[in-house]
Amino acid sequence: MERTPVTHPAFLFEEQSGGIESYRLKSNGLRVLMLPETTAPVVAFMITYHVGSRNEGVGLTGATHFLEHMMFKGTARFHKKQGTSVFNVLQRVGARINATTWFDRTNYYALLPKAHLIKAVEIEADRMRNVLLDPEDLASERTVILNEFDRGENEPIRNLFHAVWSTAFVAHSYHHPTIGWRSDIENVTREGLRHFYETYYWPDNATLSIIGDFERNATLDLVNQHFGDIPAAPAPVPEVGTREPQQLGERLVTVRKAGQLGALMQGYKSPRAFHPDTDALDVLAMVLGSGKNSRLYRKLTDVGMTAQVGVSVSRLRDPGLFYIYALLNPGHAHETVEEVIESVIQEIQEQGITEAERTRALNQLKAQEAFGRDGAFAVAAQLNEAIAAGDWKLYTTYLGRVQRVSLNDIQQVAQRYLVPRHRTTGRYIPEVANPEVETT
Amino acid sequence: MSTNSQASTRYGDRVIDLQVGPCRLLLLKTSVQSVVSWEGSFIAHPNFGSDEELLLRMTTALLDKGTQHRDRFVLADVLENKGAHLSFSAHGPFVEFSGQALRDDVPDVVAVMAEQLQAPRLEADEFEKTRARMMAGFQRALDDTGIQAGGALRRELYPEAHPNYSTSTPASIKSLESLEPESVRTFHNSHFGSNELILVFVGDLDVDQIVQAVQLHFGGWEPHLAQASYASGLKMQPPSTLEIPFPDKANVDVLFGHGLSMMRQDDLFVPLYLANHILGGNFSARLMATVRDELGLTYGIRSGLAGIRTWHPGHWQIKVTLSHDRLQEGVDATLEVVNTYITEGPSDTELENHKTTVSGSFQVGLATTEGLAGALHHNAQRGFPTSYLDTYVPEVQAVTLLQVREAINKHFNPEGLHQVRAGVLPSGSQHRGG
């Protein structure tokens with residue numbers, strides 16, 4: 001799978017892993033990851049900035065996400081007034097484009113026919129330093145984001161997710177929803193966003209990922225041509241120093257809104273992405289919640305108490321949450337479902353899991369890894385989360401890491417992390433009000 | 001069987017097209033490593049406008065709850081130990097299935113799929129659990145502004161026996177309450193079979209291995225005797241405005257739509273598809289550029305051709321999400337963009353740009369094994385030749401401005417648009433005429 005690295009005067013070859021090569025642009029420190037793959041004549045081009053809602057303080061919550069929107073309003077060169085808006089230029093050639101913001105990162109991506117890769121490179125290089133932040137654009141985009149906020153508020157599970165995270169984290173910025181608090185979206189200023197942009201949007205705080213059907217040397221030429229003259233950040237990007245204090249007791253948060261059925265989410269404090277215990281927690285999450293033979297499916301969904309149950313570990317830069325969510329079926333109380341979850345966890349804490357369960361989980365992860373390489377965009381999406389967590393090789397080494405997890409490791413992390421004093425329980429309690437349809 | 005030329009890049013040449021027993025089997029080998037994706041379907045012919053559509057959904061939901069030979073956990077164990085995915089769903093008159101597995105595991109997973117389709121256990125206790133789960137799904141749907149608005153619009157546009165009709169959620173709950181386990185067993189006996197059976201496999205294929213597996217597990221599957229029973233016409237009635245108030249839902253889903261007297265194989269389909277794409281097909285289309293980008297009134301606005309098949313017509317719809325305090329402003333702005341577009345028509349430049357967009361998107365959509373399997377499957381379901389995947393882009397490129405204008409004039413009528421609003425509505429607005 002290993003290739004001979006490209007020798008290019010503008011780049012330093014760093015390393016390769018799992019078929020992905022890492023280069024560093026000498027002039028400004030921009031990292032470039034490349035995975036040539038000729039299955040289809042398309043390329044995924046993605047830039048990941050190492051900034052997310054983790055980097056926001058009170059008053060500027062939602063700034064990363066707001067800025068993500070403003071990046072599509074463009075620059076002097078790529079602007080709707082000239083018929084060259086980012087969407088116009090890229091969608092015209094059939095590109096699938098968008099951007100996302102999360103706790104630790106912001107990514108902009110395009111999946112496009114290979115002949116048009118240059119367009120995506122030009123746009124990302126230009127808007128890295130030249131975004132306009134026009135006041136009129138800012139005003140119209142603010143109401144767009146407020147509508148996005150309202151859409152999220154319509155969804156019970158999103159309400160519950162925000163309630164659990166903001167209750168579980170009282171000091172660390174994972175407390176804030178990525179979209180921000182409504183009043184911050186309403187009040188953020190152009191200067192506030194500009195300051196944010198000037199602090200974080202630099203080549204040495206970003207990683208490019210290029211996956212698909214492209215020629216390596218020519219592509220490095222292209223990247224150098226468009227990014228090479230951008231200077232490195234004038235000052236080091238500020239570190240996030242706040243650490244979440246240890247949770248000393250169980251927390252309970254209730255969301256009451258008009259609705260039909262209840263939902264439940266329990267978050268246990270979990271370690272950062274690269275902590276070895278996170279690998280064991282990943283396997284434990286699969287044993288608990290992946291597939292019809294998982295323990296929670298059998299105890300909750302199969303017996304009709306829940307419509308759905310899921311378990312996940314947030315692999316983030318800083319410690320996050322191991323969380324369990326359940327959509328309750330009619331007639332089943334939150335407390336009853338919580339008791340079942342507690343008994344399932346206790347059983348694992350006391351007796352561990354079986355080798356058959358571990359093997360099944362690892363086989364699922366192995367297949368997922370292969371499926372995840374089907375298509376350039378699928379690879380980019382997974383690579384993005386590894387980059388955000390702090391090391392892109394988390395993607396290429398993941399399978400090896402989880403395969404080393406032993407039965408004992410799993411029992412130990414269940415005992416260490418899934419304890420009531422580190423738990424935050426969120427209950428979504430619907431207050432029934434049936435909609436009425438009126439025709440005129 | 002068509003020839004399989006490795007040198008050709010044309011799907012018409014590369015896809016192996018076989019008849020294996022009752023199954024039309026399409027196979028496409030790609031250079032992806034280890035992964036195989038597949039999609040397939042058969043036609044069940046439920047009697048639309050009766051409980052049979054719900055019975056089809058219920059029966060499909062019970063397929064993975066055990067078979068006459070193995071219980072649900074044993075079957076799940078086979079799949080989960082291989083990390084394979086298998087899913088079933090009901091779409092219109094079809095039962096569709098899809099899967100993904102590593103190359104060497106495909107025969108075993110195909111065996112599970114065939115067993116679940118042909119010999120499900122359909123036990124009474126699993127029936128009750130599935131009913132409870134579906135009931136919960138309906139209750140959640142009652143809480144979803146998008147689902148409620150979409151269903152209300154379809155009830156305005158289609159008669160009850162049309163496959164695109166959407167039964168109201170309270171009526172679905174009532175029907176679900178009255179279903180009996182025996183009716184599911186009877187439905188399976190009379191509507192599950194190899195009628196119009198299609199299977200498409202794409203990826204790192206062992207062709208002989210798959211042909212053998214399909215022959216072994218589907219070769220003897222008999223067709224059922226049910227006949228098609230549905231209305232293909234549209235409901236013709238003056239446009240209405242429906243308002244569905246939801247407390248606590250600050251975002252209002254607004255839908256506009258009217259029926260289209262067009263089927264997928266009509267000559268004007270591609271020109272009309274482009275006409276709609278220019279109006280609201282993507283971020284750079286007119287609706288998004290004006291109502292979102294310029295006026296800042298919405299996070300999302302789209303227009304689309306919906307539910308158009310080769311066997312029945314569908315409808316045109318425009319969907320916009322609006323915060324309740326900007327509702328009327330957003331509705332007015334949306335209609336203004338639509339009216340201007342219909343009156344003026346697109347420019348040459350717009351058409352050329354969107355032709356490139358649609359062609360490029362098509363290419364990008366075929367970049368994964370799942371995307372290819374889906375495109376080949378739905379193409380076969382429509383009765384189109386495999387080579388349509390090669391001729392689609394030239395067909396798009398050949399569309400003229402004149403054809404697009406003809407399609408607009410013939411099929412889009414802003415004055416005929418029905419309107420549905422679901423969410424927090426301004427006080428007293430429920431009684432406003434439309």
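Residue positions within a chain follow its written sequence, with the count starting from 1. For this description, chains carry letters from A and ligands carry numbers from 1, given in the order in which they are written. Totals for whole chains, interfaces and linings use every residue, but because this is a predicted model, local features are given only for residues with pLDDT of at least 70 and side-chain atom pairs only at 80 or more, for both listing and counting. Calculated side-chain values reflect all of the structure's heavy atoms, with hydrogen atoms and water omitted.

A look at the overall build of chain A
The secondary structure listing takes helices from DSSP runs of H or I that are at least 4 residues long and strands from runs of E that are at least 2 residues long, numbered from the N terminus. In terms of regular secondary structure, chain A is built from 15 helices and 13 strands. The globule rule used here is 2.2 Å times the number of residues to the 0.38 power, and the radius of gyration it is set against is calculated over C-alpha atoms. For 440 residues, the compact-globule estimate of 2.2 N^0.38 gives 22 Å, and the C-alpha radius of gyration of chain A, at 23 Å, lies within 12% of that figure. Considering only C-alpha atoms, chain A reaches an extent of 60 × 60 × 45 Å along its principal axes. Counting the 440 residues in chain A, one finds 62% classified as buried. Should any heavy atoms of two residues lie within 4.5 Å, those residues are considered in contact. Summarising the internal contacts of chain A: among those between residues at least 6 apart in sequence, 78% fall at separations of at least 24. To measure how exposed things are, a 1.4 Å probe is used in the Shrake-Rupley method; for residues, cover is taken only from the protein chains shown. Of the accessible surface of chain A, which amounts to about 16400 Å², a share of 50% is contributed by carbon and sulfur atoms. We call a residue buried when its accessible area falls under 20% of the maximum for its residue type, exposed when it is over 50%, and partly exposed in between, using a 1.4 Å probe and counting protein chains only.

What to know about the packing of helix α10 (residues 269-280) of chain B against helix α12 (residues 327-344) of chain B
In a pair of packed helices, the angle between the axes and the distance between the axes together describe the arrangement. All names here are of chain B. Each axis is a line fitted through C-alpha atoms, taken for helices only over the stretch in contact, and angles between the N-to-C directions span 0 to 180 degrees. The interhelical angle for the contact between α10 and α12, taken along N-to-C directions, is 140°, at an axis separation of 11 Å. In this view, α10 runs oblique relative to α12, as classed from their interaxial angle. For the crossing formed where α10 meets α12, the hand is right-handed. Contacts between α10 and α12 involve Ala-275, Ile-278 and Leu-279 from the first element and Val-337, Val-338 and Tyr-341 from the second. In these notes the angle categories are as follows: under 35 degrees is roughly parallel, over 145 is roughly antiparallel, 65 to 115 is roughly perpendicular, and the rest is oblique. In this scheme the crossing of two helices becomes right-handed for a clockwise turn of the near helix relative to the far one and left-handed for an anticlockwise turn of less than a right angle.

Some remarks on the nonpolar core
Membership of the largest hydrophobic core comes to 105 residues, with the highest contact counts inside it found for Leu-30, Val-32, Leu-90, Leu-193, Tyr-201 and Phe-227 of chain A together with Trp-316 of chain B. Beyond its immediate sequence surroundings of up to four residues, Phe-227 of chain A is in contact with Leu-25, Asn-28, Leu-30, Phe-45, Ile-47, Val-121, Glu-124, Ala-125, Met-128 and Leu-208 of chain A. By convention a nonpolar core is built from buried Ala, Val, Leu, Ile, Met, Phe, Trp, Tyr and Cys residues, the set being connected through side-chain atoms within 4.5 Å. Residues Trp-38, Leu-63, Leu-75 and Val-214 of chain B belong to the second largest nonpolar core, which totals 52 residues.

A short note on the domain arrangement of chain A
Interface extent is often summarised as the accessible area lost during association of the parts. All names here are of chain A. In this entry, domain limits derive from an automatic or database-based domain assignment. On domain assignment, one finds that chain A holds domain 1 (11-227) and domain 2 (251-431). Measuring from the centre of the C-alpha atoms in domain 1 to the corresponding centre in domain 2 gives 28 Å. The interface is formed by 40 residues belonging to domain 1 together with 37 residues belonging to domain 2. Summing the contributions of domain 1 and of domain 2, the shared interface buries around 3400 Å²; its carbon and sulfur component is 72%. Salt bridges are defined as contacts in which a side-chain nitrogen from Lys or Arg sits within 4 Å of a carboxyl oxygen from Asp or Glu. Applying the counting criterion to the domain 1 and domain 2 interface returns three salt bridges. With a closest N to O distance of 2.7 Å, Arg-54 and Asp-318 form a salt bridge. When two parts are put together, the accessible area they lose, computed with a 1.4 Å probe and summed over both, is reported as buried area.

Considerations on the packing of aromatic side chains
Classification of ring pairs uses Phe, Tyr and Trp, with its six-membered ring standing for Trp, and accepts pairs whose centres are within 6.5 Å; under 30 degrees between planes counts as stacked, over 60 as edge-to-face, and the remaining range as tilted. Within the structure shown, the criterion is met by 30 aromatic pairs over all chains. Judged by centre distance (6.1 Å) and plane angle (85°), the ring pair of Trp-165 of chain A and Tyr-174 of chain A falls under edge-to-face. Of the two residues, Trp-165 of chain A and Tyr-174 of chain A, both sit in the buried class. A connected cluster of aromatic rings, assembled from ring pairs, spans Tyr-49, Phe-72, Phe-87, Tyr-108, Tyr-197 and Tyr-201 of chain A together with Phe-283 of chain B. Looking at Lys-269 of chain A, its charged tip hangs above the ring of Phe-169 of chain A, at a distance of 5.1 Å from the centre. Either the NZ atom of lysine or the CZ atom of arginine qualifies as a charge over a ring when it sits within 6 Å of the ring centre and within 35 degrees of the ring normal.

As for the interface of chain B and chain A
With 74 residues of chain B at the interface, the matching set in chain A holds 67 residues. When the buried area of chain B at its contact with chain A is split by residue, Glu-80, Arg-140 and Tyr-299 of chain B rank highest and sum to 12% of it. Asp-77 of chain B is paired through a salt bridge with Arg-360 of chain A; the nearest N and O atoms lie 2.9 Å apart.

What about the sheet that holds strand β2 (residues 23-29) of chain B?
At least two bridges found by DSSP between two strands is the condition for calling them paired. Judged by pairing direction, the sheet is mixed, and its six strands sit side by side in the order β1-β2-β6-β3-β5-β4 (chain B) without closing on themselves. Only two strands of the sheet have a single neighbouring strand rather than two, namely β1 (16-20) and β4 (85-91) of chain B. Shown here is a sheet whose adjacent strand axes are inclined to one another by a mean of 15°, direction ignored. Sheet topology places β4 of chain B next to strand β5 (residues 94-102) of chain B; seven bridges connect them, and they run antiparallel. Bridge pairing in β5 of chain B links His-91 of chain B to Phe-94 of chain B. On the sheet, helix α12 (residues 355-371) of chain A packs against β3 (35-43), β4 and β5 of chain B and is oriented at approximately 100° with respect to β5 of chain B.

As for the packing of helix α1 (residues 63-70) of chain A against helix α7 (residues 190-200) of chain A
Residue and element names in this part refer to chain A. Where α1 meets α7, the closest approach of the two axes is 10 Å, and the angle between their N-to-C directions is 90°. Between α1 and α7, the interaxial angle falls into the category roughly perpendicular. Contact residues: α1 offers Ala-63, Thr-64, Phe-66, Leu-67 and Met-70, while α7 offers Leu-193, Phe-196 and Tyr-197. Asp, Glu, Lys and Arg are counted as charged, while Ala, Val, Leu, Ile, Met, Phe, Trp, Tyr, Cys and Pro are counted as nonpolar; the rest, among them Gly, fall into the polar class. A per-class count over the contact of α1 with α7 returns seven nonpolar, one polar and no charged.

Concerning the sheet that holds strand β9 (residues 263-270) of chain A
Residues and elements named next belong to chain A. Taken in spatial order, the five strands line up as β8-β12-β9-β11-β10 in an open sheet, and their pairing is mixed. Edge positions in the open sheet fall to β8 (251-258) and β10 (306-313), since each of these has one partner strand only. For this sheet, the mean inter-axis angle between neighbouring strands, taken without regard to orientation, is 15°. As paired elements, β10 and strand β11 (residues 320-328) share seven bridges and run antiparallel to each other.

With respect to the pattern of salt bridges
Inspection of the entire model under this criterion finds 57 salt bridges over all chains. For the salt bridge of Arg-373 of chain A with Glu-369 of chain A, the shortest nitrogen-to-oxygen distance reads 3.2 Å. You can call Arg-373 of chain A partly exposed: its relative accessible area is 21%. Of the charged contacts, one joins Lys-355 of chain B and Glu-352 of chain B as a salt bridge, the two residues approaching to 3.2 Å between their closest N and O atoms. Of this pair, Lys-355 of chain B and Glu-352 of chain B both sit in helix α13 (residues 348-365), three residues apart, roughly one helical turn. Relative accessible area serves as the criterion here: at 3%, Lys-355 of chain B is assigned to the buried category. What makes Glu-352 of chain B partly exposed here is its relative accessible area of 39%.

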